[in-house]
Amino acid sequence: MLKVFRGAKIYTMDKKNTVLFNVDLWVKDGKIIGFGTEADVPSDAEVVNAEGTVITPGLIDIHTHVGIWREIDEQVNDANEYASPVTPGLYVIDGIDIHHFSFELARRGGVTTVQTGPGSANPIGGIWCILKTGGNSLDERIVKEKSGLKGALGENPKNMFGQFYHKPPYTRMAIAYLIRKGFQEALALSESERREALENGTDLAPYLEVLEGKMPLHLHCHRADDIATAIRIAKEFQVELCLEHCTEGHLMLEEIKESGARVTLGPFMFPATKYETRNATPESPKLFREAGIPFAIMTDHPFIPIHFLSLCAAEAVKYGLDETAALRSITCEAARIAGIDGRVGSLEPGKDADLVIWSRHPFDSRAEVLATYINGERVYSAHGGTDR
């Protein structure tokens with residue numbers, strides 16, 4: 001059945017950042033099919049009265065640990081495997097609990113798509129995925145099953161393994177060595193060995209997939225020297241790089257721009273919790289924007305709760321980022337950086353009908369999410385009830 005959303009101010013977040021007034025948004029079979037007027041609507045259509053509200057695409061957070069980080073008791077944290085510093089063969093899909101309350105928080109905050117996966121304790125931690133925050137099963141929710149190989153530089157691996165477990169890596173040099181080692185071993189395979197590794201899903205298979213351009217390398221990096229190391233490693237092996245956090249990136253904008261790396265910024269809404277985040281600043285998105293470097297803004301849930309994603313972007317606006325760029329950083333730009341912009345991120349015909357109805361502009365501190373829709377189905381309502 002055709003579903004028609006009527007009366008809202010619609011931020012499409014298309015390439016022209018089109019904002020629509022007095023136009024209906026049409027949805028059918030989980031997809032956006034177009035825009036129309038009241039006169040065009042068939043008599044059997046379901047009309048959703050959105051008079052006086054704001055509609056945006058569903059928000060996208062491409063750096064979270066939603067569904068895998070046990071937030072009540074750290075002792076049962078499933079987000080990091082401490083048995084070894086290098087665990088490339090771990091798949092986050094084997095650890096996600098789709099009934100975890102973080103998904104409910106996401107829907108409540110208008111977040112319809114997340115990238116989630118292993119945390120940052122390991123130099124190489126495992127494989128991330130991208131999924132919707134609503135749906136009956138994990139398989140139904142998955143947008144991209146293998147969205148990148150996650151690794152980490154800096155204090156986290158040093159402190160966890162060197163100081164806590166008293167085993168390598170103890171230094172930044174050792175962390176970089178361990179990351180390189182996997183790629184070097186993968187490159188040393190013969191053609192038949194490469195095929196066998198990929199077919200059998202050995203520990204070298206994820207490195208091969210990164211080397212073949214099937215997925216990027218995501219590296220957690222706060223300090224400028226760690227960012228430089230990440231860029232250096234990616235250049236050595238000619239792989240696609242995603243800089244995660246990029247906290248001191250504003251100190252080396254030219255190098256980042258030249259590298260062509262994808263950038264996800266944040267979180268920057270709390271005081272420094274360790275030495276390497278002492279230069280975190282909410283001005284960073286503005287500085288990246290001025291330098292012409294695309295970026296997404298993240299929550300790193302649970303470190304900032306997922307339902308505050310819109311507030312993270314609003315905080316960047318307070319520090320000079322224009323509103324349109326901020327909204328793009330948590331919708332269409334996040335989708336483009338994650339390689340899923342063909343499906344989500346903007347309200348355009350043919351894309352998934354993921355949208356949020358707000359009481360006000362999402363960057364207004366008084367804004368309330370009235371309803372969240374995924375694939376055209378209501379998955380959250382401020383007044384209770386969902387379509388499924």
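Coordinates for the structure precede this section.
Computed from a predicted structure; not experimentally measured.

A. A look at the nonpolar core. Ranked by size, the top nonpolar core spans 80 residues in total, and within it Leu243, Ile256, Val263, Phe288 and Ile297 carry the most contacts. Counting residues per element, this core draws most heavily on helix α7 (residues 224-237), at 6 residues. If sequence neighbours within four positions are ignored, Ile256 has contacts with Ile227, Ile231, Leu243, Cys246, Gly249, Ala261, Val263, Phe288 and Ile293. Core analysis: the next-biggest nonpolar cluster, separate from the first, contains 16 residues, Ile10, Ile32, Leu347 and Leu355 among them.

B. Focus on helix α3 (residues 155-164). Regarding α3, the residues found buried are Glu155, Asn156, Pro157, Phe161 and Gly162. Contact partners of the buried residues in α3: β11 (142-152), α4 (172-187) and β12 (217-221). Positioned one or two residues after α3, His166 has a phi angle of 55°, which is positive.

C. Inspection of the sheet that holds strand β8 (residues 59-64) at higher detail. Pairing is mixed across the open sheet formed by 8 strands, whose spatial order is β8-β9-β10-β11-β12-β13-β14-β15. Edge positions in the sheet fall to β8 and β15 (296-297), since each of these pairs with one other strand and no more.

D. Local environment of the pattern of salt bridges. Per the stated rule, a full pass over the model turns up 24 salt bridges. Put simply, Glu248 and Arg278 hold a salt bridge, and the shortest N to O gap is 3.6 Å. In this pair, Glu248 sits in the loop between β13 (241-245) and α8 (253-259) while Arg278 sits in the loop between β14 (262-265) and α9 (284-290), placing the two residues 30 residues apart along the sequence. When its relative accessible area of 5% is taken as the criterion, Glu248 is described as buried. Here Asp352 and Arg343 are joined by a salt bridge, their closest N and O atoms 2.8 Å apart.

E. Main features of the pairing of strand β18 (residues 377-381). Relative to β18, strand β17 (residues 369-374) runs antiparallel, the two being bridged by 4 bridges. Bridge pairing links Ile374 to Glu377 in β18. Where β17 folds back on β18, the antiparallel hairpin that results is connected by 2 residues, among which Asn375 adopts a positive phi of roughly 55°.

What counts as what
- Throughout this description, residue numbers start from 1 for each chain and increase along the sequence as written.
- Note on the predicted model: pLDDT of at least 70 is required for a residue's local features to be given, and 80 or more for side-chain atom pairs to be given and counted; whole-chain, interface and lining totals, by contrast, use all residues.
- No hydrogens and no water enter the side-chain calculation; it runs on all heavy atoms of the structure.
- To define a nonpolar core, start from buried Ala, Val, Leu, Ile, Met, Phe, Trp, Tyr and Cys residues and group those joined through side-chain atoms within 4.5 Å.
- Relative accessible area decides the class of each residue, using a 1.4 Å probe on protein chains only: under 20% of the type maximum gives buried, over 50% gives exposed, and in between gives partly exposed.
- For the purposes of this entry, the term helix denotes a DSSP run of H or I that reaches at least four residues, the term strand denotes a run of E that reaches at least two, and both are numbered from the N terminus.
- Every residue pair with non-hydrogen atoms within 4.5 Å of one another is taken to be in contact.
- When DSSP finds two or more bridges between a pair of strands, those strands are recorded as paired.
- By convention in these notes, a salt bridge is any Lys or Arg side-chain nitrogen within 4 Å of a carboxyl oxygen on Asp or Glu.

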